[in-house]
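What follows is the residue order along each chain.
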Amino acid sequence: MAWWRDARFGMFLHWGLYAIPAGEWNGNKDYGEWIRTSAEIPLETYDQLQPKWNPTDFDADAWAEMAAAAGMKYVVITSKHHDGFCLWDSAVTDWDVAGSPNQRDILAELSTACRKHGIKFCTYHSIMDWHHPDYLPRRTWEKDRSTEGADFERFEQYLHAQVTEIITRYHPAVMWFDGEWENTWTHERGVKLFELCRRLAPEMIVNNRVDVHRQGMQGFSGSSEAVGDFDTPEQEIPATGLPGVDWESCMTMNRHWGWNQADTVWKSPETLIRNLIDIASKGGNYLLNVGPRADGTFPPNAVERLAAIADWMKQNSEAIHGTTASVFDALPWGRCTVKAGDDFSALYLHVFDWPKDGQLLLPGLGNQVIEARTLGGAPQAVAAVPSQEGVMLVVPQQPSDPIATVIEVRIEGRPIVYRTPSITAESERFVRGLDVTIATPAADAELRYTSDGSEPTAASPRVQGPVHVADTCTVRAAMFHDGRRRSEVASRTFTRVEPLPPVEVQPSGDGLVLQQAAVDWNTIPDERPELMTKGMLVPQVALPKGVGEHVALSFSGFVDVAASELYRFALSSDDGSKLWIDGKVVVDNDGLHGATEQRGEVALAKGLHQLEVVWFNATGGAELRLKWAAPGQPFAELPAAALKH
Ligand code: H79
């Protein structure tokens, strides 16, 4: 992933037969690369576009040159989009450029040009295929295309054959799959395709859409079984990056991926450049799309914008390429990218809103500043003044670039940013003892703490793992450096509580008593009408099958706890529910609502405790789940063996 992480910026190219209608069909002008499906164009009609494919002005060198000038380090072109048309001479189909009068092999020409200009050549390949007879499912409106004889396994072989051709002939550095969301594509098929890629080209990067775990347009997979090397937000930039997760936001310059002649809504160069900076500051890559025209040229609006980006990058590319995510929380005036090293580091401050008072605060920055200056043109010196809040930069009166002026701040060592530490624990209360975690995002920070309520000093003990507390106390913590406190003091009190004594009863057996009543509740009344008096025994708190609407249930009995501890309970329900232990409300999840979870806790001494759960459903969905957790344990269902009546 090293080259990919350094790159930060690439060009997406959506090109194919759909460039010929240029977004217009039967008077509607809002189509793009989805035109065949969105305009419901029958296959035979769409096939008529192939003889019209004639990009006489296609100049791969010119494309690669524009990408390189804009500071893009890789190009991802649609070898095949959802319409199935292939931009290379494929041995396994004639639905390709070789079957058109023009015949030029687009992937061959572009891959050669990219190499010449020092750009990584990459391919986008759609799994979904609206043309191949074996691909399933059909579009819902395709009444005339029979599925008889269609064999998805055979389509999978076709897909594997094409991916093999692309890899062995054009050696893409990234294989960017898409169209993975229809029900014929499975995790198992994704793993097979991913393994094919790894086998043929171990160094090739594969995106997460090879597999089926992508979560909507946010594009992150998040599942531990998901294969793929990076996540793919589409048309959006995540609010923050995720440490240790590689991701790339792909976005259009206008409102379409494929060429649309009528689209006048183009993002400004300012927006595009600031998007690039924003994404880099969060540790991601920006894949910016161009939809070339049918004649093989870029739309003038795209050319203009690439030129504006090239102008900015000529001055500032070192603040993008090879950088990692910001070390600060959100900065009110702009963004930060970083090149960290053991001896010294560079912070690149991308200033969007130039300060009227000439002052920019780097909050909590603890390093010695070696030098600060503006990037590009004639560099201007910037003064750096250490202060209680961090480092204050005193900048020139005017920005040198209205879109983003970059200030490079060279510091000694790796970045140290002081923030108020966080003090967390499972609960603020405990019976026997509690592990308290004190942390900051800075890994090698000097964190010191006290647990007797006093102010932490440079002589207080350092945090080395969880702090165990055994009695009521206040934990305070702060960051230190060179004998001085550098952050605010965080403070939290943890209280030892007496557990409720067990009830003196002799239970008559395992299980809880379930009672039911037909009621019309919006909420659980304090004075509950008598529930159906004759109850039945059930092993656990769970809804009976087909429980229905306008109904309430009560589960009552005892819970047998094995040790005196603080127990946490999680009660989820649709609609409302409540949990009482020894007559006290422990979880209140009452009210008319969909499935929601509420939590509560109670200290219980070893032995039996009275338990009651009341639940009701007005109308619609019905759900009820009760879980608990002892200290240091995950939430789990209450075991049947612990429930008595
Ligand atoms: O090639 C461009 C688009 O044509 C293609 N991806 C970009 C890079 C694209 N195809 N479809 N879409 C974008 C939008 C599809 C959205 C959905 Fe879903 C598919 C909504 C539900 C299924 C995928 C799975 C996104 C959310 C869940």
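The structure we're discussing is the one just above.
Conventions used here
Residues numbered from 1 in each chain as written. Predicted model: local features only at pLDDT ≥ 70, side-chain atom pairs only at ≥ 80, totals over all residues. Heavy atoms only, no water. Buried < 20%, exposed > 50% of the residue type's maximum accessible area, 1.4 Å probe, protein only. Helix = DSSP H or I, 4+ residues; strand = E, 2+ residues; numbered from the N terminus. Pairing = 2+ DSSP bridges. Right-handed = clockwise from strand over helix to strand, strands pointing away. Salt bridge = Lys/Arg side-chain N within 4 Å of Asp/Glu carboxyl O. Near = heavy atom within 4 Å. Polar contact = N/O pair within 3.5 Å; in protein donor to acceptor, adjacent residues only side chain to side chain. Nonpolar A, V, L, I, M, F, W, Y, C, P; charged D, E, K, R; others polar. 1 Å grid on protein atoms, 1.4 Å probe; cavity = no way out; pocket = protein on both sides within 12 Å on 5 of 7 lines; lining within 4 Å. Points joined across faces, edges and corners; volume = space filled by probe spheres on them. Arc of directions from axis to C-beta. Contact = heavy atoms within 4.5 Å.

The next point concerns the pairing of strand 3 (residues 120–126). A regular strand places its side chains so that they alternate between the two faces of the sheet. Of all 7 residues in strand 3, 6 are buried; the element is thus mostly enclosed. Direction of pairing for strand 2 (residues 74–80) relative to strand 3: parallel, over a ladder of 6 bridges. If you follow Thr78 over to strand 3, its bridge partner there is Tyr124. With 4 bridges connecting them, strand 3 and strand 4 (residues 174–178) associate as parallel partners. Bridging from a neighbouring strand, Thr123 pairs with Met175 of strand 4. Handedness of the crossover is the feature at issue here: the chain leaves strand 3, passes through helix 6 (residues 152–170), returns alongside strand 4, and the resulting connection is right-handed.

Let's shift gears to the pattern of salt bridges. For the coordinates displayed, the defined rule picks out 34 salt bridges. Two residues, Arg169 and Glu165, come together in a salt bridge whose shortest N-O distance is 3.8 Å. You can see Arg169 and its partner Glu165 sitting in helix 6, 4 residues apart, about one turn around the helix. Relative accessible area serves as the criterion here: at 10%, Glu165 is assigned to the buried category. Among the ionic contacts, a cluster of salt bridges with common partners joins Asp178, Glu180, Arg209, Arg214 and Glu234.

Neighbouring the ligand are 15 residues; His14, Glu33, His81, Asp178 and Glu234 lie closest to it. Here His82 contributes a side-chain N or O atom positioned 3.3 Å from a nitrogen atom of the ligand. Asp178 is positioned such that a nitrogen or oxygen atom in its side chain is 2.8 Å from a nitrogen atom of the ligand. Taken together, the residues of the shell around the ligand sort by class into 6 nonpolar, 4 polar and 5 charged.

So, about the layout of surface pockets. In this approach a probe as big as a water molecule rolls over the atoms, and the regions it shows empty are the leftover space. Taken as a whole, the largest pocket encloses approximately 1,000 Å³ of empty space. Lining the largest pocket are 37 residues, with Ser281, Lys282, Ala325, Ser326 and Val327 positioned closest to its centre. No other element matches the 3 residues that strand 8 (residues 334–339) contributes to the lining of the largest pocket. For the lining of the largest pocket, the per-class residue count stands at 16 nonpolar, 10 polar and 11 charged.

For helix 5 (residues 106–116), the complete set of buried residues consists of Ile106, Leu107, Leu110, Ser111, Ala113 and Cys114. Down the axis of helix 5, the buried set is contained in an arc of 165 degrees. They therefore lie on one face. Turned more than 90 degrees away from the buried face of helix 5 sit Thr112 and Lys116, all of them exposed. For helix 5, the elements touching its buried residues are strand 1 (9–13), helix 4 (60–69), strand 2, strand 3 and helix 6. For helix 5, the N-terminal capping position is held by Asp105, with its side-chain oxygen 3.1 Å away from the main-chain nitrogen of Leu107. Once helix 5 finishes, Gly118 follows within two positions and takes phi at roughly 70 degrees, a positive value.

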